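As a plain string of letters, each chain reads:
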Amino acid sequence: MRFATIGHFLDENLVKQFPESWVHGKLLISPELDVRGAKGYITGLTLTAREMMQLPREQVRNHILDAAVLLQDDFHVDLIQLGALTTSVTEGGVWVAHQRQYRGFVNHGDSYTAAVTCQAVMKALQLFDKKSSDQVLAIVGAYGVIGEAVTKILISKFRHSILIGRQKEKLVELQKTIDGDFETSLELRTNEADVVVTATSHPDALIKSEHLKKGAIVVDVSQPANLSSVVCDKRPDVCRVDGGLVDFPYVTGIPGMAPGKNFSCIIEVIMQAMENEKENHVGSIDLAHLRKTEDWGKKYGFTLNELTNFGKTVQRVR
Ligand SMILES: NC(=O)c1ccc[n+]([C@@H]2O[C@H](COP(=O)([O-])OP(=O)(O)OC[C@H]3O[C@@H](n4cnc5c(N)ncnc54)[C@H](OP(=O)(O)O)[C@@H]3O)[C@@H](O)[C@H]2O)c1
């Protein structure tokens, strides 16, 4: 199977960093990658995160579909991964999977991302000698594709959880599917939590210093990041961890990606191509598939080895 990931600019600063040879009209396309025999491309729409969320939804979706069809017809791609906010604007990828012009498979890559996020939470607690059963967890974006899976996996491990979202009805729906000691909130009550997971489609930094308790651990899976390096610099007591970055020495030189690391959503689709698994993975996460992606990660050696903050190793300083 030939794979392609479809992302977008995470912020304006990235726009000028891509080589000319990547530009194919409105789409940036990497040279062909060969990751231990799995061949494909990393591509990106020439839209910023803010444009992804603010332009008319139909217009953005049509850009995504045009990209998928171009990759299918001209680059013989048969497996598309929806990166960053392309999942959020396509109903978790379900919309793309239903379009007749694109005949291949679709994966949002959120299953492995949710798995790695949970691993990062547990690893960060271990680093600070803390037990999850003593801690309060907050999940921002709790009923999103990643947020829902992270919620289902983590809440039973924590003393108490605050599940945060902007739509009451969706919080009520989520509440019906989970057990544990938790409450839901429409307010950004992250300052009551020892551990915060962000998994939102907010197009830039959302968490300010006042939203964080002293010594909080923040596992920030959102792309663009929900906790900025500016706030991290102001709050050295807070430990920010990249939620979905995994060690990956095979693809280098991609603007916006930390050297030697890659986003777990991209790795998921590369592993699917390696496995030649002909299935869609869109919408709500199937936890059995999530576990399978963790097994694939172990099989291919793409596991989470070290915690990073914007790509730099996280060390215990307190
Ligand atoms: N690091 C990685 O490897 C990786 C991989 C995949 C995805 N991601 C990132 O992970 C994030 C989540 O992805 P996803 O696919 O789960 O997206 P999703 O399904 O669209 O979920 C995002 C959720 O965030 C909520 N939200 C948006 N703004 C919010 C705010 N201000 N406060 C609280 N909730 C808010 C949205 O709900 P409402 O609109 O109803 O509020 C939505 O339910 C995205 O930033 C994506 O780029 C990272």
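Scoring rules and cut-offs
Residues numbered from 1 in each chain as written. Predicted model: local features only at pLDDT ≥ 70, side-chain atom pairs only at ≥ 80, totals over all residues. Heavy atoms only, no water. Helix = DSSP H or I, 4+ residues; strand = E, 2+ residues; numbered from the N terminus. Rg over C-alpha atoms; globule rule 2.2 N^0.38 Å. Buried < 20%, exposed > 50% of the residue type's maximum accessible area, 1.4 Å probe, protein only. Contact = heavy atoms within 4.5 Å. Phe/Tyr/Trp six-rings, centres within 6.5 Å; stacked < 30°, edge-to-face > 60°. Lys NZ or Arg CZ within 6 Å of the ring centre and 35° of its normal. Axes fitted to C-alpha atoms, helices over the stretch in contact; angles between N-to-C directions. Parallel < 35°, antiparallel > 145°, perpendicular 65-115°, else oblique. Nonpolar A, V, L, I, M, F, W, Y, C, P; charged D, E, K, R; others polar. Domains from an automatic or database assignment. Buried area = accessible area lost by both parts, 1.4 Å probe. Salt bridge = Lys/Arg side-chain N within 4 Å of Asp/Glu carboxyl O. Polar contact = N/O pair within 3.5 Å; in protein donor to acceptor, adjacent residues only side chain to side chain. Near = heavy atom within 4 Å. Areas by Shrake-Rupley, 256 points an atom, 1.4 Å probe, with all protein chains shown as cover. Disulfide = S-S within 2.5 Å. Expected span 1.5 Å × (residues − 1). Arc of directions from axis to C-beta.

Engineer: What should I look at first to understand the overall build of the chain in this one?
Structural biologist: Within the chain, the regular secondary structure consists of 9 helices and 17 strands. Relative to the globule expectation of 20 Å for 318 residues, the C-alpha radius of gyration of the chain, 19 Å, shows essentially globular dimensions. Each of the three principal axes of the chain carries a C-alpha extent, and together these read 55 × 40 × 40 Å. Across the 318 residues of the chain, 57% fall into the buried class. Looking at the chain alone, contacts between residues at least 24 apart form 65% of all its contacts between residues at least 6 apart.

Engineer: Help me understand the packing of aromatic side chains, please; the structure alone is not making it clear to me.
Structural biologist: The description of an aromatic ring pair uses the distance of the two centres, along with the angle that the planes make with each other. In total, this model carries 5 aromatic pairs according to the counting rule given. With a centroid separation of 6.2 Å and an interplanar angle of 25°, the aromatic rings of Tyr-300 and Phe-302 are classed as stacked. Judged on exposure class, the residue Tyr-300 and its partner Phe-302 are both buried. Through a chain of ring-to-ring contacts, three or more aromatic side chains come together here, namely Phe-9, Phe-18 and Trp-22. The ring of Phe-310 carries the charged tip of Arg-240 above its face, separated from the ring centre by 3.8 Å.

Engineer: Even after reading the chapter, I still don't get the packing of helix H5 (residues 145–154) against helix H9 (residues 287–300), so can you show me in this structure?
Structural biologist: Between two packed helices, what matters for the description is the angle formed by their axes and the separation of those axes. Contact geometry for H5 and H9: axes closest at 11 Å, N-to-C directions at 85°. Compared by their axis directions, H5 and H9 come out roughly perpendicular. Of the residues in H9, those in contact with Ala-149, Lys-152 and Ile-153 of H5 are Leu-287, Leu-290 and Arg-291. Of the residues belonging to the contact of H5 with H9, the class tally is 4 nonpolar, no polar and 2 charged.

Engineer: Explain the domain arrangement of the chain here, please?
Structural biologist: How big an interface is tends to be stated in terms of the accessible area lost upon association of its parts. What the domain assignment lists for the chain is domain 1 (3–109 + 251–287) and domain 2 (111–245 + 306–313). When each unit is reduced to the centre of its C-alpha atoms, the spacing between domain 1 and domain 2 is 25 Å. Between domain 1 and domain 2, the residue contacts involve 24 residues of the former and 21 residues of the latter. Summed over both sides, the interface of domain 1 with domain 2 buries roughly 1,900 Å², with 65% coming from carbon and sulfur. Considering only the side of domain 1, the residues that lose the most area to domain 2 are Lys-261, Ser-264 and Ile-285, jointly responsible for 30% of the buried surface there. Asp-204 serves as the salt-bridge partner of Arg-50, at 2.1 Å between the closest nitrogen and oxygen. The tally of links between domain 1 and domain 2 comes to 10 residue pairs in polar contact (both at pLDDT 80 or more). For the side of domain 1 that touches domain 2, the elements supplying multiple residues, two or more each, are helix H1 (49–54), strand S15 (261–263) and helix H8 (264–275).

Engineer: Before we go on, may I ask you to explain the site of the ligand in this structure?
Structural biologist: Lining the immediate environment of the ligand, one finds 26 residues, of which Asp-110, Tyr-143, Arg-166, Gln-167 and Thr-200 sit closest. One of the side-chain N or O atoms of Ser-88 is found 2.7 Å from an oxygen atom in the ligand. Here Ser-201 contributes a backbone N or O atom positioned 3.2 Å from an oxygen atom of the ligand. Taken by itself the ligand offers 920 Å² of open surface, and the protein chains cover 91% of this.

Engineer: What's the story with the state of the cysteines in this structure? I'm lost.
Structural biologist: Here a disulfide denotes one covalent bond, and it connects the sulfur atoms of two cysteines. Tallied over the entire structure, the rule returns 0 disulfides. Sulfur of Cys-118: no disulfide; nearest cysteine sulfur belongs to Cys-265 and is 15 Å away. Cysteine Cys-239 remains unbridged, with the sulfur of Cys-232 as its closest cysteine sulfur at 8.7 Å. Taking relative accessible area as the criterion, Cys-239 reaches 7% and is therefore assigned buried.

Engineer: When you look at the side chain of Glu-148 in this model, what are you seeing that I'm missing?
Structural biologist: Structurally, the position occupied by Glu-148 is in helix H5. Setting aside residues up to four positions removed in sequence, Glu-148 forms contacts with Ala-142, Tyr-143, Leu-174 and Ser-284.

Engineer: Help me understand H9, please; the structure alone is not making it clear to me.
Structural biologist: Since the α-helix packs 3.6 residues into each turn, any two residues three or four apart lie on the same face. An ideal rise of 1.5 Å per residue puts 20 Å on 14 residues; H9 measures up with 20 Å between its terminal C-alpha atoms. Listed in full, the buried residues belonging to H9 are His-289, Leu-290, Thr-293, Glu-294, Trp-296, Gly-297 and Tyr-300. Considered in projection along H9, the buried side chains sweep an arc of 160° and stay on one side of the axis. Opposite its buried face, H9 presents the exposed residues Ala-288, Lys-298 and Lys-299, each directed more than 90 degrees away. In the core, the buried residues of H9 are packed alongside helix H4 (110–127), H5 and H8. N-capping of H9 is provided by Asp-286, with a side-chain oxygen placed 2.9 Å from the backbone N of Ala-288. Immediately downstream of H9, the backbone of Gly-301 shows phi near 75°, a positive value.

Engineer: Please clarify how the pattern of salt bridges should be interpreted in this entry.
Structural biologist: If you walk through the whole model with that rule in mind, you get 16 salt bridges. Residues Glu-294 and Arg-291 are paired through a salt bridge, measuring 3.1 Å at the closest nitrogen-oxygen approach. Linking Glu-294 with Arg-291, this pair stays in helix H9, spanning 3 residues, or about one helical turn. Judged by its relative accessible area of 14%, Glu-294 is buried. Using a relative accessible area of 41% as the deciding quantity, one classes Arg-291 as partly exposed. Connected via shared salt-bridge partners are Glu-183, Arg-189 and Glu-192.

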